[in-house]
Amino acid sequence: KLEGFVNQLVRFLHNVDVGVTAGTSVEFLEQVVIVLGLILDSIEDREGLKNSMLKGKKQSLDSLLLVLQRGSLESKIASARVLQFVAVDAEAKISIAEKESVVAELLKSAAPEKDAALIEAALASLVAISAPKRNKLKLVNLGAVKAMTRLLTEANLGAAAVEKVLKIVETASSTREGRSEICEEATAACVAAVLSKVLKVSSAATEHAVTTLWSLCYLFRDRKAQEAVTQNNGLTKILLLMQSNCAPHVRQMCTDLLKIFLANSKSCLSCYDTKTTHIMPF
């Protein structure tokens, strides 16, 4: 029976002493995690798996961390997928993020030089655990903004990965600390990177990017963000997006953004006159 098999796999994760584990134990853990990753789609009781993995001292998180740190590519991807799978509710998301080394290792796995499949698996896990406010702050404190900026500027990502990166940046922008990181001098490239993905990726990527810009520039009136948008030809992109077949709520956010820039300076459109007169919405 599958449930009994899954329970045995979880017991294996619990019973390895990762503090003194040898290489052979790591290899054993890798095999356990790979098998667990292969049968995730067949597991109907996600709640039950969450409870069995995250109860007590959470040794299973130690085992998954060890695989993320020292495992093969295949086992690292499987470990990230298992973490995403068990992040089924707020309690689980918080339990996972309480172990900061797990979050830090996922961020390391989502680096431009890593394998594309590992990057996407790590991003999916980070998105899965990011909703609770304390987790958002943890992500920001562990360098998520810089990590996501690197991915947007240095990696050749597919649309699905770009969507996840932008979702994480959007999540960060909902916190004061995240907005500070996005807009500070050292990471000024983040706003430009988000702007570069507003068009021609996917509707989901567009929504995440525009929501981030709307949060920074309209909702919280961050001057540095507004200046970065202006300096990176953001207004033209917003105008183009408003002429596209975007969702109504995205169009409304673009309208709000346009109002902000018009209010800031009567001449803020002057440098775009010759290029964008044909797409002006008025």
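See the structure printed just above.
About the cut-offs
- Residues numbered from 1 in each chain as written.
- Predicted model: local features only at pLDDT ≥ 70, side-chain atom pairs only at ≥ 80, totals over all residues.
- Heavy atoms only, no water.
- Helix = DSSP H or I, 4+ residues; strand = E, 2+ residues; numbered from the N terminus.
- Buried < 20%, exposed > 50% of the residue type's maximum accessible area, 1.4 Å probe, protein only.
- Contact = heavy atoms within 4.5 Å.
- Areas by Shrake-Rupley, 256 points an atom, 1.4 Å probe, with all protein chains shown as cover.
- Arc of directions from axis to C-beta.
- Polar contact = N/O pair within 3.5 Å; in protein donor to acceptor, adjacent residues only side chain to side chain.
- Expected span 1.5 Å × (residues − 1).
- Disulfide = S-S within 2.5 Å.

Caption draft 1: Focus on the overall build of the protein. When helices and strands are counted, the protein shows 18 helices and zero strands. The burial tally for the protein puts 51% of its 282 residues in the buried class. In the protein, once contacts between residues fewer than 6 apart in sequence are set aside, the share between residues at least 24 apart is 70%. Looking at the protein as shown, the accessible area adds up to about 13,200 Å², and 51% of this sits on carbon and sulfur atoms.

Caption draft 2: Quick peek at helix α15 (residues 223-231). Every buried residue of α15 is listed here: A225, Q226, A228 and V229. In a view along the axis of α15, the buried residues occupy a sector of 160 degrees, so they form one face of it. As for α15, its buried residues are in contact with α12 (176-183), α13 (189-195), α14 (203-219), α16 (234-242) and α17 (248-264). Put simply, D222 is the residue that caps the front of α15, since its side-chain oxygen is 3.0 Å from the backbone nitrogen of K224. Among the residues trailing α15, N233 stands out with phi positive, at a value near 60 degrees.

Caption draft 3: Fine view of helix α8 (residues 116-129). Here α8 spans 20 Å end to end across 14 residues, near enough to the 20 Å set by a 1.5 Å rise per residue. Listing the buried residues of α8 in full gives L118, I119, A121, A122, L123, A124, S125, L126, A128 and I129. Close packing links the buried residues of α8 with α5 (73-86), α6 (90-98), α7 (100-109), α9 (133-141), α10 (144-154) and α11 (159-173). The N-cap of α8, judged by a side-chain oxygen 2.9 Å from the amide nitrogen of A117 a few residues on, is D115.

Caption draft 4: Examining the state of the cysteines more closely. Throughout the structure, instances matching the rule amount to zero disulfides. Looking at the unpaired C183, the closest cysteine sulfur is the one in C217, lying at 7.3 Å. For C217, a relative accessible area of 1% gives the class buried.

Caption draft 5: Looking closely at unusual backbone geometry. Even without a glycine there, the phi angle at R221 is positive, about 50 degrees. Along the chain, the position of R221 falls in the loop between α14 and α15. With phi around 60 degrees, N233 is a residue other than glycine that occupies positive phi space. Looking at the secondary structure, you find N233 in the loop between α15 and α16. Residue classification places N233 among the partly exposed residues on the basis of a relative accessible area of 34%.

Everything listed here is a matter of coordinates, which is why it stays silent on function.
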